[in-house]
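Analysis of the macromolecular model
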Amino acid sequence: METYYRPSGKFNPLSILIFVGLCLTAFPLLGLIYAYAIWYIPFIYINFLIAAGFGFIIGLLINFLVVRKGKVRNTALAITFGVLGGLIGLYFHWAVWVDLVINAGESYGTSRIGITSSNIKILEVFSLAADPGALFALIGEINEFGTWGIRSATVSGTFLTIIWIVELLIVTVVSTLVPMGGSGAPFCEVNNKWFEEKELPPLSLVENVSQLIKDIGAKNEAAFDNLTKATDLEKDHSVFTLYTAGKDENYLSIENKKAEINKKGETELNGDEFATYILVNNILKEKLLSR
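Position labels on residues start from 1 in each chain and follow its written sequence. Given that the model is predicted, a residue must reach a pLDDT of at least 70 before its local features are reported, and side-chain atom pairs must reach 80 or more before they are shown or counted; all residues, however, enter totals for whole chains, interfaces and linings. Only heavy atoms go into the side-chain values, all of them from the structure, while hydrogens and water stay out.

1. A closer look at helix α6 (residues 132–145)
Given 3.6 residues per turn, any residue in an α-helix points the same way as the ones three and four places further on. For clarity, the cut-off: Only DSSP runs of H or I reaching four residues or more are called helices, and only runs of E reaching two or more are called strands; each is numbered from the N terminus. By this rule, a helix spans an expected 1.5 Å times one less than how many residues it contains. Each residue gets one of three labels from its accessible area relative to the maximum for its type: buried under 20%, exposed over 50%, partly exposed in between, using a 1.4 Å probe on protein chains only. Here the arc refers to the directions that run from the helix axis out to each C-beta atom.
Here α6 spans 20 Å end to end across 14 residues, near enough to the 20 Å set by a 1.5 Å rise per residue. Every buried residue of α6 is listed here: L135, I139, I142 and N143. Down the axis of α6, the smallest arc covering the buried residues is 100°, so these residues share one side. Across from the buried face of α6, at angles greater than 90 degrees, the exposed residues are G133, E144 and F145.

2. Topic: the sheet that holds strand β8 (residues 237–244)
As a reminder, the rule being used: A strand pair is defined by DSSP finding two or more bridges across the two strands. Angles shown run from 0 to 180 degrees and are taken between the N-to-C directions of axes, each axis being a line fitted to C-alpha atoms and, for helices, limited to the stretch in contact. Two residues form a contact once any of their heavy atoms are found within 4.5 Å.
Read from one edge of the open sheet, 4 strands run β7-β8-β9-β10, paired in antiparallel fashion. The open sheet has two edge strands with one neighbour each: β7 (196–199) and β10 (267–280). Adjacent strand axes in the sheet meet at a mean angle of 15° when their direction is disregarded. The sheet contacts of helix α8 (residues 209–217) involve β8, β9 (250–261) and β10, and relative to β10 the element is tilted by about 25°.

3. Observations concerning the pairing of β8
Burial of β8 is extensive: 8 of the 8 residues sit out of reach of the surface. Neither face of β8 is exposed, since H237, V239, T241 and Y243 on one face and S238, F240, L242 and T244 on the opposite face are all buried. Pairing of β7 with β8, which is carried by 4 bridges, proceeds in the antiparallel orientation. For E196, the partnering residue across the bridge sits in β8 and is T244. Across 7 bridges, β8 lies against β9 in antiparallel orientation. Paired with S238 across the strands is N256, a residue of β9. Taken together, β8 and the strand that follows it, β9, pair antiparallel across an intervening segment of 5 residues, in which G246 is found at a positive phi of about 75°.

4. Focus on the pattern of salt bridges
Selection criterion: Whenever Lys or Arg places a side-chain nitrogen within 4 Å of a carboxyl oxygen from Asp or Glu, that contact is recorded as a salt bridge.
According to the stated counting rule, one finds 2 salt bridges in the structure shown. Across the pair K285 and E286 runs a salt bridge whose closest N-O atoms are separated by 3.8 Å. Looking at K285, the relative accessible area reads 16%, which means it is buried. Residue classification places E286 among the partly exposed positions, given a relative accessible area of 45%.

5. Thoughts on the side chain of E167
With respect to the helices, strands and loops of the structure, E167 is situated in helix α7 (residues 157–183). With a relative accessible area of 9%, E167 lands in the buried category. Setting aside anything within four residues of it in sequence, one finds E167 in contact with Y34, I38, A51, L90, H93 and W94.

6. Some remarks on the packing of aromatic side chains
Formally: Whether two aromatic rings pair depends on their centres lying within 6.5 Å, for rings of Phe, Tyr and Trp, where Trp uses its six-membered ring; planes under 30 degrees apart make the pair stacked, over 60 edge-to-face, and the rest tilted.
Taken as a whole and assessed by the stated rule, the structure comprises 16 aromatic pairs. Their ring planes at 40° and their centres at 4.8 Å tell us that F19 and F81 sit as a pair that is tilted. On the criterion of sequence distance, the pair formed by F19 in helix α1 (residues 14–24) and F81 in helix α4 (residues 75–102) is long-range, its members being 62 residues apart. Here F19 falls in the buried class, since its relative accessible area comes to 6%. Among the residues examined, F81 registers a relative accessible area of 5% and is labelled buried. Between W94 and W97, the ring centres sit 5.5 Å apart and the planes meet at 90°, which makes this aromatic pair edge-to-face. Remark: W97 and W94 occur in helix α4; sequence separation between them is 3 residues, near one turn of the helix. Take W94: its relative accessible area is 13%, and that puts it in the buried class. By way of ring pairs, the aromatic residues Y5, F195, Y243, Y251 and Y277 are connected into one cluster.

7. Observations regarding a negative patch on the surface
To keep it simple, the criterion reads: A residue counts toward a patch only above 30% relative accessible area and without a salt bridge, and it is joined to like-charged neighbours within 9 Å or, for Val, Leu, Ile, Met, Phe, Trp and Tyr, to nonpolar neighbours within 5 Å. Only the protein chains shown count as cover for residues, and all accessible areas are computed by the Shrake-Rupley method using a 1.4 Å probe. Note on charges: Lys and Arg go in the positive column, Asp and Glu in the negative column, and His and the chain ends are not counted at all. Here the site of a charge means atom NZ of a Lys, CZ of an Arg, CG of an Asp or CD of a Glu.
A cluster of acidic side chains, namely E207, D236, E260, E266 and E268, defines a negative patch on the protein surface. Mapped onto the elements, E268 comes out in strand β10.

8. Here we look at unusual backbone geometry
The phi angle at N192 is positive, at roughly 55°, despite the residue not being glycine. Mapped onto the fold, N192 is located in the loop between β5 (187–188) and β6 (193–194). Backbone geometry at K219 places phi at a positive 60°, although glycine is not the residue there. With respect to the helices, strands and loops of the structure, K219 is situated in the loop between α8 and β8.

9. Looking at the packing of α4 against helix α5 (residues 122–130)
In plain terms, the rule: With respect to orientation, any angle under 35 degrees is reported as roughly parallel, any angle over 145 as roughly antiparallel, any angle of 65 to 115 as roughly perpendicular, and every other angle as oblique. The hand of a helix crossing depends on one turn: near helix anticlockwise from the far one by less than a right angle means left-handed, and clockwise means right-handed. Throughout, the ten residues Ala, Val, Leu, Ile, Met, Phe, Trp, Tyr, Cys and Pro are labelled nonpolar, Asp, Glu, Lys and Arg are labelled charged, and all others, Gly among them, are labelled polar.
Running from N to C, α4 and α5 cross one another at 130°; their axes reach a closest spacing of 9 Å. Looking at the two axes, α4 sits oblique to α5. Our pair here, α4 against α5, has a crossing hand that is right-handed. The residues of α5 that touch α4, namely those facing Y91, F92, A95, V96, V98, D99 and I102, are E124, V125, L128 and A129. Taken together, the residues of the contact of α4 with α5 break down into 9 nonpolar, no polar and 2 charged.

Laid out in structure tokens, this is it:
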């Protein structure tokens, strides 16, 4: 038996149907919200954070509805869903954003910072979304002349293209990481369900990481004997996350959290997950719970 959990690579065809449903409903709506957000928030750095949030919400929807409900234990498929979800969300965002450009009205503010009022015409958005050739042609024209600037200089051409590429990477990478991680979580093929996840009360720091991993692999019943209950979460401690499925097969993810003083003189905890989904039997599980 494997020491660490390995996904089976299986999936329920229902996951594909759920994904298609998201592409027709949730992703266009998120694209609409995202387009309006970056149109009316004239701060490029904040817009990058909004892009990350946009990708994260898409990833969460894919993870919860497609991966979890569709029982996707195939990492490659989860990555595909994540990338496609991010791209489809961005595509609808472009259709909305281009229509905002077309219908741009009065500008307010100064030469350094300002916004331009606009609103979409829903039929135009559907028309643009249904005609990729026309949509990308308009995007090319917008790229040539630009619609916004930094410090009174209009951003266009190569620089604007780079910004759009960075935006695309942020959205698709974030939208992919969430479902990719979800598809790798322990799944019981016998019971056809995900293992139950439970974060245990924090314990003392694992001082000898390699020895603990070796003891768990050898099913040493004394593996956790050196650990005690952590009383101060502002100091060094460890966090154990247990995955169970009602049989003699359980998995652990173990993270050491070390307290360090940052440049501001504040205490912050830096995490190091040194074991992810390592197999433990029921005896070791009960020993751990007793700590």
